[in-house]
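# Notes for the structure review
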Amino acid sequence: MQRIGVFICHCGTNIAATVDVKAVAEALSHEPGVVFSTDYQYMCSESGQTLMREAIREHKLTGVVVCSCSPRMHEATFRKAAEKEGLNPYMVEIANIREQVSWIHKDMKEATEKAVILGRAAIAKVHLNKPLKAGESPVTKRALVIGGGIAGIQTALDIAEAGFEVDIVEKEPTIGGKMAQIDKTFPTLDCAAYILTPKMVDVAQNEKIKIFSYSEVEAVKGFVGNFKVSIRKKARYVIEDKCTGCGLCTEKCPQKKVPNPFNMNLDTRRAIYIPFAQAVPKVAAIDADYCTMLKTGKCGVCSKICAAGAIDYQQKDEIVEREYGAIVAATGFNPLKPDKYNEYGYSTCPDVVTSLELERLMNAAGPTAGTLLRPSDKTHPHTLVFVQCVGSRCDAENEKGKPYCSKICCMYTAKHAMLIREKYPDTEVYVFYIDVRTPGKNFDEFYRRAVEQYGVHYIKGQVGKVVEENGKLKVQASDLLSGEQLHIDADMVVLATAVEPDKSARGIATMLTASMDTNDFFTEAHAKLRPVESPTAGIFLSGVCQGPKDIPETVSQASAAAAKVIGLLAKDKLTCNPCVANSDEMLCNGCSSCEKVCPYGAITYSDKEFRGPNRTTLIRRVASVNEAVCQGCGACTVACPSGAMDLKGFSNRQIMAEVDAICKM
Amino acid sequence: MKFSYYPGCTLKTKGKDLDTYARASAEALGVELAELPEWQCCGAVYPMAKDEIATKLSAVRALANARDLDTELVTLCSACHNVIKQVNNDMKTDADIVLRVNNYLKLDTPYNGETNVLHFLEVLRDRVGFDELKKKVVNPLTGRKIAAYYGCLLLRPSKVMAMDDPENPTILEDFIRAIGAEPVIYAMRNECCGGYVTIENPGEAKRRSNAVLDNAASKGADTVVTACPLCLYNLKKNGGHDDLPVVYFTELLAEALGVK
């Protein structure tokens, strides 16, 4: 018989206000095996833990039940405390009477009764608990970063700096991401390329970093410290090692009418291309949708002029298998396409552009070589209207937009307005806003400069309609402060469109078994205290994939994620979860059901000799579990038809004992 | 295909064309529009006040009538459609209104929003089908450039009307394609014509209607179509574009089907 101690936590008033803790302690003291039962204000505090340790010593406890908050919060705390008194940590069970009782019930009588029942179930389980010992698993000393924007770049550089290998998988032919498309950066107005491209070069030159460009993650197996990842290197029809990046092919290719996504399709490029001059790796790629040679077999100009012989029209996708100890998601964002917002005329008027399109129209390497011209007739615009919050801060019923604030639009719109007024003093610039949100170091000063120094007209109110007529954009808007309707004849309208997570993120999250919120942003392990880790062990988050962020914030978070990865890779071994599956070979009938459902590939089958009747020997095929690989999910124990599979710490007997205790009123 | 049909007051007086061409076209398409017996004015404007039920009663009578005849209810005038569909929504979702309306009307069977309300355009799109309509066109309006004018009431509030996206609608453009003409897309097609403001402030209505027709004309339209008698009135009287005819969509439908 176990000697069990029961400890009821008040959690201040969190539990004690709804549950009669003294009554629970009294009721549970009469349960079989319970030799000590008490309540305390904060069990997780230093003195609470001391109370528990003293009781273990004094009453020679062999098992402990703590009725407190969710085991996610403090199971580890109490197990550590018990271990210090020589008790096996797996002899400690938690009954969650906060999240599952006091926080969701109002009636004290009902809540107290339920707390007693959950306590009884935990006691019933402890009776069957056995000491468990955790094994260890090795750590592969290499990290994978998915996404090569500024977030992925910073994370990779920091991890490499600490001496670990890093791979970057980037789906585009070059790293650089959205920041490479941006012209100037707030609040200091330094050129994005000027600060980004040296970092890209650092990545290229760092011996610890390997870039898989034009590649995507295909499959992820394994677990923290031991991930196995398949990477699809998409056919770019150019041999990476041979291409020198001279760019001759991109000038001679006769297929000139390919929309250029780097310039937001505002101009065209060739079918063979290098996305931009500072691309890393500086290797050409062929766009198979437009290449005449790949489509019809007739052309071959690039192959003929390539002195390095780097063109390979026969190239196929290639799958590379790599092993990692940690994975960082840095999948980034895209601006929302405002084609559902027809009141702003984006789909029908070329002079209505998004903010990222405006970045390209103002960039020296953009389609107009940095001179701001209207896309429709290439004339100089005199009146510009900026519309903020397009697709951001929409109410939940509005299916067009997002409920959240995209956070960066107020600042980049102030930047655009300021830069236009600076460069073209003959312009009038209007900004329509719901609120101007500029928290951040030197941010509000920046916005005020736009208003006070540069004379940008900031108007509180939203634009209701943009009507294109005879080359003018008639903007109808409301000025909420004066209560007037405004009619502005504009030459260009710029939409500050919402940030949305990259479409690839959902698939990647599924592969990583990392959770996401309803907006497809990755969820952090704890909103305040573990903001760069995913709830899935070994998966870390960097940049906008976790939520809207500007560049300084993205870089900070990228470095934070790197620090967490370094902390993991610095360990030689990880302590495994001892609550793993094991198979009773005498019961196993070799059906393979468990092997099929195991998501971690932890189950193998082998032929074993068994003693049969009359001194005969039988050979039977039976399952065995690799304890280092098993994550204790329990899928196999449910799938096993003969009841041979069981989970340590959560055995069928233990769970049935809990159910019995709950049902036995 | 048989439907109960609610014409409304205006279609019996100022807006006869909207009604007669719809009936003729429906017959050509094999759609039976059976006029509801003893229908009353819909109320003309949907009352926004939550405690107002008197102005909803006549709409509920029409809805209950259609329910008793076991038919869907087809409307044609944008304003009637808006009022009847919104009142029907109240009768589906607002328990307080349902209770008070039924207490007042004392119908044999209380009404709880059972009737499905369709605009004639929805009958064409969802029941006849624009592809099917296209096959029955004998006199395609080839070469015509027609601007669809939606106005406010036909599509809004979008969650209740549930006909089309109010900012980027396509139902009238698809209709125009089905009768062989080319639709003209212009930004003002879903803006207000001025509505009843024309009584109090004709200048404002003139500005609004003018803006609509200016915009349609600038995009090369030769005709404007609408489903609303009040829009037609405003555009014609206040629009100031004698060169740009404004007609009901049913007139062009009848023309295309050879029954005008």
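Residues numbered from 1 in each chain as written. Chains lettered and ligands numbered in written order. Predicted model: local features only at pLDDT ≥ 70, side-chain atom pairs only at ≥ 80, totals over all residues.

### Points about the overall build of chain B
Regarding its fold elements, chain B presents 12 helices and eight strands. Since a compact globule built from 260 residues should have a radius of gyration of about 18 Å, the 18 Å found for chain B is in line with a globular shape. Expressed along its principal axes, the backbone C-alpha trace of chain B runs to roughly 55 × 45 × 30 Å. Counting only residues that meet the buried cut, chain B has 49% of its 260 residues in that class. Once local pairs closer than 6 in sequence are excluded, the contacts in chain B between residues at least 24 apart make up 75%. (Helix = DSSP H or I, 4+ residues; strand = E, 2+ residues; numbered from the N terminus. Rg over C-alpha atoms; globule rule 2.2 N^0.38 Å. Buried ≥ 20, exposed ≤ 12 C-beta atoms within 10 Å, placed from the backbone. Contact = placed C-beta atoms within 7 Å.)

### Thoughts on the overall build of chain A
Per the secondary structure count, chain A includes 18 helices and 34 strands. In terms of principal-axis extent, the alpha carbons of chain A reach across some 90 × 70 × 40 Å. The buried share of chain A, reckoned over its 665 residues, is 45%.

### Observations concerning the domain arrangement of chain B
Residues and elements named next belong to chain B. The domain architecture assigned to chain B consists of domain 1 (2–120) and domain 2 (139–257). Each of domain 1 and domain 2 has a C-alpha centre, and these two points are 23 Å apart. Residue-level contacts link 19 residues of domain 1 with 16 residues of domain 2. In terms of residue class, the side of domain 1 that touches domain 2 is made up of seven nonpolar, nine polar and three charged. (Domains from an automatic or database assignment. Nonpolar A, V, L, I, M, F, W, Y, C, P; charged D, E, K, R; others polar.)

### Considering the sheet that holds strand 23 (residues 457–460) of chain A
Paired through their backbone hydrogen bonds, the strands of a sheet run either parallel or antiparallel. Residue and element names in this part refer to chain A. An order of 20-27-21-22-23 is seen for the five strands of this open sheet, with the pairing classed as parallel. Where the open sheet ends on each side, the last strands, each with one partner, are strand 20 (352–354) and strand 23. Averaged over all pairs of adjacent strands, the angle between their axes in this sheet comes to 25 degrees, without regard to strand direction. As paired elements, strand 22 (residues 428–433) and strand 23 share four bridges and run parallel to each other. When the bridges of strand 23 are listed, Phe432 appears paired with Ile459. Where helix 11 (residues 355–362) meets the sheet, its contacts fall on strand 20 and strand 27 (492–497), and the angle it forms with strand 20 comes to roughly 95 degrees. Most of the contacts of helix 12 (residues 409–423) go to strand 21 (residues 383–390), to which it runs at about 175 degrees, and overall it touches strand 21, strand 22 and strand 27. (Pairing = 2+ DSSP bridges. Axes fitted to C-alpha atoms, helices over the stretch in contact; angles between N-to-C directions.)

### Things to note about the interface of chain A and chain B
In this complex, chain A contributes 12 residues to the contact, which on the side of chain B involves nine residues. Of the residues belonging to the side of chain A that touches chain B, the class tally is three nonpolar, four polar and five charged.

### What about the environment of Leu63(B)?
Residues and elements named next belong to chain B. Tracing the backbone shows Leu63 in helix 2 (residues 57–68). When the C-alpha atoms of Leu63 and Met91 are compared, they prove to be 9.9 Å apart, with 28 residues separating the residues in sequence. Not counting chain neighbours up to four residues away, the residues in contact with Leu63 comprise Leu73, Ile84, Asn88, Met91, Tyr111 and Thr115.

### Digging into the sheet that holds strand 25 (residues 472–479) of chain A
Residue and element names in this part refer to chain A. In space, the three strands of this open sheet follow the order 24-25-26, with antiparallel pairing throughout. Two strands in the sheet have a free side with no partner beyond their single neighbour: strand 24 (463–469) and strand 26 (484–490). Between one strand axis and the next, the sheet turns by 20 degrees as a mean value, whatever way the strands run. Relative to strand 26, strand 25 runs antiparallel, the two sharing seven bridges. Bridge assignment links Ala477 to a residue of strand 26, and that residue is Leu486.

### Examining unusual backbone geometry
Most peptide bonds take the trans form, and the phi angle of most residues other than glycine is negative. Residue and element names in this part refer to chain A. Residue Pro187 is reached from Phe186 by a cis peptide bond, and omega for that bond is -5 degrees. Note that Pro187 resides in the loop between strand 8 (184–185) and strand 9 (190–191). Not every positive phi belongs to a glycine, and Asn442 is a case in point at roughly 65 degrees. Examined against the element boundaries, Asn442 turns out to sit in the loop between strand 22 and helix 13 (443–452). Given 11 C-beta atoms within a 10 Å radius, Asn442 is considered exposed. The phi dihedral of Asn470 falls on the positive side, at around 50 degrees, and the residue is not glycine. Residue position: Asn470 is located in the loop between strand 24 and strand 25.

### Focus on the packing of helix 11 of chain A against helix 12 of chain A
Residues and elements named next belong to chain A. Interaxial distance between helix 11 and helix 12 falls to 11 Å at its minimum, and their mutual angle equals 35 degrees. Seen along the crossing, helix 11 lies across helix 12 with a hand that is left-handed. Between helix 11 and helix 12, the contacting residues are Ser355, Leu358 and Met362 on the first element and Tyr412, Thr413, His416 and Leu419 on the second. Here the contact of helix 11 with helix 12 is built from residues that sort into four nonpolar, three polar and no charged. (Left-handed = near helix turned anticlockwise from the far one by under 90°.)

### A few points about the confidence of the model for chain B
Regions with low pLDDT should not have their predicted coordinates read in detail. Mean pLDDT for chain B: 95, with 100% of residues reaching 70 or above. For this predicted complex, the interface confidence reaches an ipTM of 0.84, while the overall pTM sits at 0.84. (pLDDT = per-residue confidence, 0-100.)

### Side note on the packing of helix 2 (residues 46–59) of chain A against helix 3 (residues 71–84) of chain A
Residue and element names in this part refer to chain A. Running from amino to carboxyl end, helix 2 crosses helix 3 at an angle of 40 degrees, the nearest separation of the two axes being 9 Å. As summarised for this structure, helix 2 and helix 3 are arranged oblique, according to the angle between their axes. At the point where helix 2 passes helix 3, the crossing takes the right-handed sense. Within the contact between the two elements, helix 2 uses Gln49, Met52, Arg53 and Ile56 and helix 3 uses Phe78, Ala81, Ala82 and Lys84. Here the contact of helix 2 with helix 3 is built from residues that sort into five nonpolar, one polar and two charged. (Parallel < 35°, antiparallel > 145°, perpendicular 65-115°, else oblique.)

### Let's talk about the environment of Val246(B)
Note on placement: Val246(B) falls in strand 8 (residues 246–248). On the basis of neighbour counts, which here come to 24 C-beta atoms within 10 Å, the residue Val246(B) falls in the buried class.

### Some thoughts on helix 1 (residues 21–29) of chain A
Residue and element names in this part refer to chain A. Along helix 1, the positions that sit buried rather than exposed are Val21, Val24, Ala25, Ala27 and Leu28. Along the axis of helix 1, the buried positions cluster into a sector of 165 degrees, meaning they face one direction only. Where helix 1 is buried, its residues meet strand 1 (4–9), strand 2 (34–40), strand 3 (63–68) and helix 5 (108–128). (Arc of directions from axis to C-beta.)

### Here we look at the nonpolar core
Residue and element names in this part refer to chain A. Counting 216 residues, the largest nonpolar core has Ala143, Val328, Ala329, Val385 and Val493 as the members making the most contacts within it. Ignoring any residue separated from it by four or fewer positions in sequence, one finds Ala329 in contact with Ile146, Ile508, Leu512, Ala514, Phe522, Ile539, Leu541, Ser542 and Cys545. Counting residues in hydrophobic clusters, the runner-up holds 46 residues, among them Ala25, Val64, Val65 and Tyr90. (Core = buried A, V, L, I, M, F, W, Y, C linked by C-beta atoms within 7 Å.)

### Quick look at helix 12 of chain A
Residues and elements named next belong to chain A. Look at helix 12: 21 Å from first C-alpha to last across 15 residues, which is about the 21 Å you get at 1.5 Å a residue. Buried residues dominate helix 12, accounting for 11 of its 15 residues. Taken residue by residue, helix 12 has Cys409, Cys410, Met411, Tyr412, Thr413, Ala414, Lys415, His416, Ala417, Met418 and Ile420 as its buried positions. (Expected span 1.5 Å × (residues − 1).)

### What to know about the domain arrangement of chain A
Domain boundaries assigned for chain A yield domain 1 (4–128), domain 2 (136–234 + 317–332 + 503–571), domain 3 (235–316), domain 4 (335–500) and domain 5 (581–648). The gap between the C-alpha centroids of domain 3 of chain A and domain 5 of chain A is 53 Å.

### Considerations on the environment of Asp489(A)
Residue and element names in this part refer to chain A. As for its placement among the helices and strands, Asp489 is situated in strand 26. By C-beta crowding, Asp489 is classed as exposed, having 12 other C-beta atoms within 10 Å. Note: C-alpha distance between Asp489 and Asn652 (163 residues apart in sequence) is 74 Å. Asp489 has contacts with Thr383, Lys472 and Lys474, leaving out every residue within four places of it along the chain.

### Describing the pairing of strand 2 of chain A
Residue and element names in this part refer to chain A. Looking at chain direction, strand 1 and strand 2 are connected through six bridges and run parallel. Looking at strand 2, one finds that Phe7 is bridged to Thr38. For the crossover that starts at strand 1, traverses helix 1 and ends in the parallel strand 2, the hand is right-handed. (Right-handed = clockwise from strand over helix to strand, strands pointing away.)

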